[in-house]
Amino acid sequence: MASNGKLTGKQRLGWTVLTIVVLVYALFPVAAILATSFKTPADLGNASFLPGSPTWENYEMILFGDAQGLFLTALRNSIGITLIATFIAVVLATLCAYAIARLDFPGKKIILGSALAVSVFPVISVVIPLFNLWRNIGLYDTWLGLIIPYLSLTLPISIWTLAAFFRQIPWDLEQAAQVDGATQWQAFRRAIVPLAMPGVFTTAIIAFFIAWNDFVYGISLTSTEAARPVPAALAFFTGASQFEEPTGAISAAAIVVTIPVVVLVLLFQRQIVSGLTQGAVKG
Amino acid sequence: MTTAPETPRRQKREAAGSSAARPASRKNGNGGKRTNRAKSEARLGWLIAGPAFFIMLAVTAYPIAQAIYDSLFSFRLTAPDERSFVFLQNYMTILSDTEVFWRALLVTLLVTVVTVAVELVLGFGLALVMHKALKRIRGALRTAILVPYGIITVVSAFAWYYMFDINSGFVNGWFGWVPGIDSDLDWFANFGTAITIIMASEIWKTTPFIALLLLAGLAQVPDELVEASKVDGARWRQQMTRVILPNMKAAIMVAVLFRALDAFRIFDNVFIMTNGAAGTEVLSLLAYRTSIGRLEIGLGSAVSVILFICVLLICVIAIKGFKVDLASGTDSKGGK
């Protein structure tokens, strides 16, 4: 249908309207918080969408001003914890998915099944015992104390996505390369690694999103700036003074943490879509 | 010499085909005799797949076991010395509390049913639009709908909260002409409006995921079937109900199950927007507030065990009801 090429005027109008509707649907709340982030305190109350006199002061407050300590530390925590958790998850999941796709061993289904079970686990059920345990063994409010539970979020989806991906790799290529005279390692590196990399990379992005999105672990297992990630910091942010709602500052911070994610999405949309749907639909 | 390992592996693969159906069974295709090669492959398999498996178990199975254990005690962190074994007392307390527990359960179910239903319809519409759109528009649409997916739930919750908030929102100003919306309407002060906004933000955030799954499902519907039905004079509605939807069953089931489980665990947006006020408390929030808020570990653990059981029940019902075999999807589900 899409390949019919020429559209009648009516069809073109229809498509334009539909596209605009979808764009507005997807982007409107983002636009709203973006607009809010440029409002002055006086502007906030005037019930209009656009800021009356746009200002950078909210951004200055979180990046250089009073809220700098709160926000930038949280940002550093988020980036560090999320990257480490993603890295560990992707390395372990790559090994695991390789074994599942390539080797025959009893228990493959148990591994995939438990990955599925873990991914539907209610985080809140896990977090309460962890809260108690972490306090006893000193992991409460530390980076490691978040990295470990984040693996319960990132590992299952990484295993599923990568297993689906690795199953489509023509592993015979490796043997063909060996027949052509390459050593086993050369064959693996030249024939398989280039084919596997996009999948590994896609998985890393998806795992990063999921860890970056976490809120429950973040608010439950931290109490200070030592490890509190951005989403939790936003929720507990109380503004410059007791009498002022920190609406503008929170909006600005929300925009700052959203930009890198949206840039990643825009850059790698094709891979993300195929990764998400392969993991879930093709399994 | 490099070709030497090739032949045995081929044979192994063929043997694997028959053993895949019962992986835990000792009887493999080759008559119960496990060759050394199979053994070493199994060892290697567990060696490299094992770490991920055991970490997953350690971070979930252990805590849930601990939660079950803790739920049998009367245990407050504020008075750790008074810890005592009360068996099912905590569960009795919770299950007899219609004001708090049953209300939270009903609210959670309401959110689950409404959001999944709306998302399924909206997501299917979006998927159809993307499926039929011209290549150029399709890219733009996909990019746009990935934005809500990429945004963290807390940010989305704040965006929706500020839009409707009586102090900083513009919705009352914009939609004053709609009956029922006054400039002084406080959306988060009563249950109906508050839960609507909470569900709206949830729907906005996660419909893209459903749409992408359904789009992948649409792509798997064989074109010949659609064409054939057209030649046979099927109308649009008949095409949908007879050809397209039945062929997307797997994708629809997966989407519904995953979203239902996700919606049932809703937490972030409720925490941000109302923190349970106006009767919007959901199960996750109840568990959080009981244990981490009030430090009643015993009671809170019992709530989280109940939540866990509910999630298990949803899984069982979905898998039995829809007859989806998720575990076997690894072999063949997408292979239509």
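Residues numbered from 1 in each chain as written. Chains lettered and ligands numbered in written order. Predicted model: local features only at pLDDT ≥ 70, side-chain atom pairs only at ≥ 80, totals over all residues. Heavy atoms only, no water.

K.L.:
Hey, could you run me through the overall build of chain A in this one?
P.N.:
Per the secondary structure count, chain A includes 13 helices and zero strands. Order of helices (α) and strands (β) in chain A, N terminus to C terminus: α-α-α-α-α-α-α-α-α-α-α-α-α. In terms of overall dimensions, chain A has a C-alpha envelope of 75 × 70 × 35 Å along the principal axes. For chain A, restricting intrachain contacts to residue pairs at least 6 apart in sequence, the fraction spanning at least 24 positions comes to 71%. Approximately 11900 Å² of chain A is accessible, and the part contributed by carbon and sulfur atoms is 67%. Looking at charge distribution, chain A has the averaged site of its 15 positive side-chain charges lying 17 Å from that of its 13 negative ones. (Helix = DSSP H or I, 4+ residues; strand = E, 2+ residues; numbered from the N terminus. Contact = heavy atoms within 4.5 Å. Areas by Shrake-Rupley, 256 points an atom, 1.4 Å probe, with all protein chains shown as cover. Lys, Arg positive; Asp, Glu negative; His and termini not counted. Charge placed at Lys NZ, Arg CZ, Asp CG, Glu CD.)

K.L.:
Explain unusual backbone geometry to me, please; I cannot follow it from the model alone.
P.N.:
Peptide bonds are trans in most cases, and residues, glycine excluded, mostly fall at negative phi. Residues and elements named next belong to chain B. The residue Phe87 is not glycine, and still its phi comes out positive at about 55 degrees. Tracing the sequence through the fold places Phe87 in the loop between strand E2 (84-85) and helix H3 (89-95). In this model, Asn275 sits at a positive phi of 50 degrees, which is unusual for a non-glycine residue. For Asn275, the location among the structural elements is in the loop between helix H12 (268-273) and helix H13 (283-293).

K.L.:
What is the right way to look at the UniProt feature "transmembrane region" (unreviewed entry) in chain A in this model?
P.N.:
Residue and element names in this part refer to chain A. UniProt's entry tags residues 12-35, 79-101, 110-131, 143-166, 187-212 and 249-268 with the feature "transmembrane region" (unreviewed entry), counted in the numbering of this structure. Counting secondary structure, residues 110-131 comes out at 86% helix and 0% strand; the distance between its end C-alpha atoms is 28 Å. Between the first and last C-alpha atoms of residues 143-166 the distance is 32 Å; the span itself is 100% helix and 0% strand. (UniProt positions renumbered as here; feature names shortened; annotations may be inferred.)

K.L.:
For this particular structure, what's the right way to read the interface of chain B and chain A?
P.N.:
As a measure of interface size, the accessible area lost when the parts come together is often cited. Contacts between the two partners involve 110 residues from chain B and, on the opposite side, 102 residues from chain A. Inspection of the chain B/chain A interface yields zero salt bridges. Here the element with the most residues in the side of chain B that touches chain A is helix H2 (residues 36-70) of chain B; it accounts for 20 residues. Considered class by class, the residues forming the side of chain B that touches chain A number 69 nonpolar, 25 polar and 16 charged. (Salt bridge = Lys/Arg side-chain N within 4 Å of Asp/Glu carboxyl O. Nonpolar A, V, L, I, M, F, W, Y, C, P; charged D, E, K, R; others polar.)

K.L.:
Help me understand a nonpolar patch on the surface in this model?
P.N.:
Taken together, Phe85, Phe87, Leu88 and Met92 of chain B make up a surface patch of nonpolar side chains, about 450 Å² in accessible area. Relative to the elements of secondary structure, Phe85 of chain B occurs in strand E2. (Patch = residues over 30% accessible without salt bridge, like charges linked within 9 Å, V, L, I, M, F, W, Y side chains within 5 Å.)

K.L.:
I tried to follow the pattern of salt bridges on my own but got confused; where do I start?
P.N.:
As a working rule, side chains carrying opposite charge can pair if their charged atoms are close by. Residues and elements named next belong to chain B. According to the stated counting rule, one finds nine salt bridges over all chains in the structure shown. A salt bridge links Arg259 to Glu202; the shortest N-O distance between them is 3.1 Å. Taken together, the positions of Arg259 in helix H11 (residues 249-264) and Glu202 in helix H8 (residues 191-219) put the pair 57 residues apart, joining distant regions of the chain. One exposure class covers both Arg259 and Glu202, and it is buried. The partner of Glu227 in a salt bridge is Lys230, with the nearest N and O atoms 3.8 Å apart. Residue Glu227 and its partner Lys230 are both found in helix H9 (residues 223-231); the two are separated by three residues, about one turn of the helix. For Lys230, a relative accessible area of 39% puts it in the partly exposed group. (Buried < 20%, exposed > 50% of the residue type's maximum accessible area, 1.4 Å probe, protein only.)

K.L.:
What exactly am I supposed to notice about the UniProt feature "transmembrane region" (unreviewed entry) in chain B here?
P.N.:
Per the UniProt record, "transmembrane region" (unreviewed entry) is annotated on residues 44-65, 100-129, 141-163, 243-260, 266-287 and 299-319 of chain B. Along residues 100-129 of chain B, the helical share is 100% and the strand share 0%, with 43 Å between the first and last C-alpha atoms.

K.L.:
In this structure, what is going on with H11 of chain B? I would like to understand it.
P.N.:
Residue pairs spaced three or four apart in an α-helix point in one direction, given the helix's 3.6 residues per turn. An ideal rise of 1.5 Å per residue puts 22 Å on 16 residues; H11 of chain B measures up with 22 Å between its terminal C-alpha atoms. Taken across its 16 residues, H11 of chain B has 12 buried, putting it largely inside the fold. (Expected span 1.5 Å × (residues − 1).)

K.L.:
Looking at this structure, how should I read the packing of H9 of chain B against helix H10 (residues 236-247) of chain B?
P.N.:
The axes of two packed helices give the description: the angle between them and the distance between them. All names here are of chain B. H10 packs onto H9 with a crossing angle of 170 degrees between their chain directions and a minimal axis gap of 10 Å. Considered as vectors, H9 and H10 are oriented roughly antiparallel to each other. Counting all contacts with H9, which are made through Leu225, Val226, Ser229 and Lys230, the residues of H10 involved are Gln239, Val243, Ile244 and Asn247. Tallied by class, residues from the contact of H9 with H10 come to four nonpolar, three polar and one charged. (Axes fitted to C-alpha atoms, helices over the stretch in contact; angles between N-to-C directions. Parallel < 35°, antiparallel > 145°, perpendicular 65-115°, else oblique.)

K.L.:
Can you help me understand the environment of Leu286 of chain B in this one?
P.N.:
Residue and element names in this part refer to chain B. Among the structural elements, Leu286 can be located in helix H13. Considered as a pair, Leu286 and Ser40 are 246 residues apart in the sequence and their alpha carbons are 49 Å apart. Each residue touching Leu286, except ones within four places of it in the same chain, is listed here: Val100, Phe101, Ala104, Glu281 and Val303.

K.L.:
I would appreciate a short explanation of the nonpolar core in the present structure.
P.N.:
Here is a general trend for soluble globular proteins: nonpolar side chains tend to be buried in one another's company. The biggest cluster of nonpolar side chains holds 162 residues, and the ones touching the most others in it are Tyr217 of chain A together with Phe267 and Leu283 of chain B. For this core, the element with the highest residue contribution is H8 of chain B, accounting for 14 residues. Of all hydrophobic cores here, the second largest spans 36 residues; its members include Val90, Ile100 and Ile111 of chain A together with Phe53 of chain B. (Core = buried A, V, L, I, M, F, W, Y, C linked by side-chain atoms within 4.5 Å.)

K.L.:
What is the right way to read the packing of aromatic side chains from this model?
P.N.:
Describing an aromatic ring pair means giving the distance of the ring centres and the angle of the ring planes. As enumerated under the stated definition, the model contains 41 aromatic pairs over all chains in all. Relative to Phe73 of chain B, the ring of Tyr69 of chain B lies with its centre 4.9 Å away and its plane at 55 degrees, an arrangement referred to as tilted. With a centroid separation of 6.2 Å and 50 degrees between ring planes, the pair formed by Phe175 of chain B and Trp177 of chain B is classed as tilted. Classification of Trp177 of chain B as exposed rests on a relative accessible area of 67%. An aromatic cluster of three or more residues is present, and its members are Phe28 and Phe49 of chain A together with Phe170, Trp174, Phe175 and Trp177 of chain B. Above the plane of the ring of Phe73 of chain B lies Arg83 of chain B, whose end atom (NZ or CZ) is 4.2 Å from the centre. Looking at Arg83 of chain B, its charged tip hangs above the ring of Phe75 of chain B, at a distance of 5.1 Å from the centre. (Phe/Tyr/Trp six-rings, centres within 6.5 Å; stacked < 30°, edge-to-face > 60°. Lys NZ or Arg CZ within 6 Å of the ring centre and 35° of its normal.)

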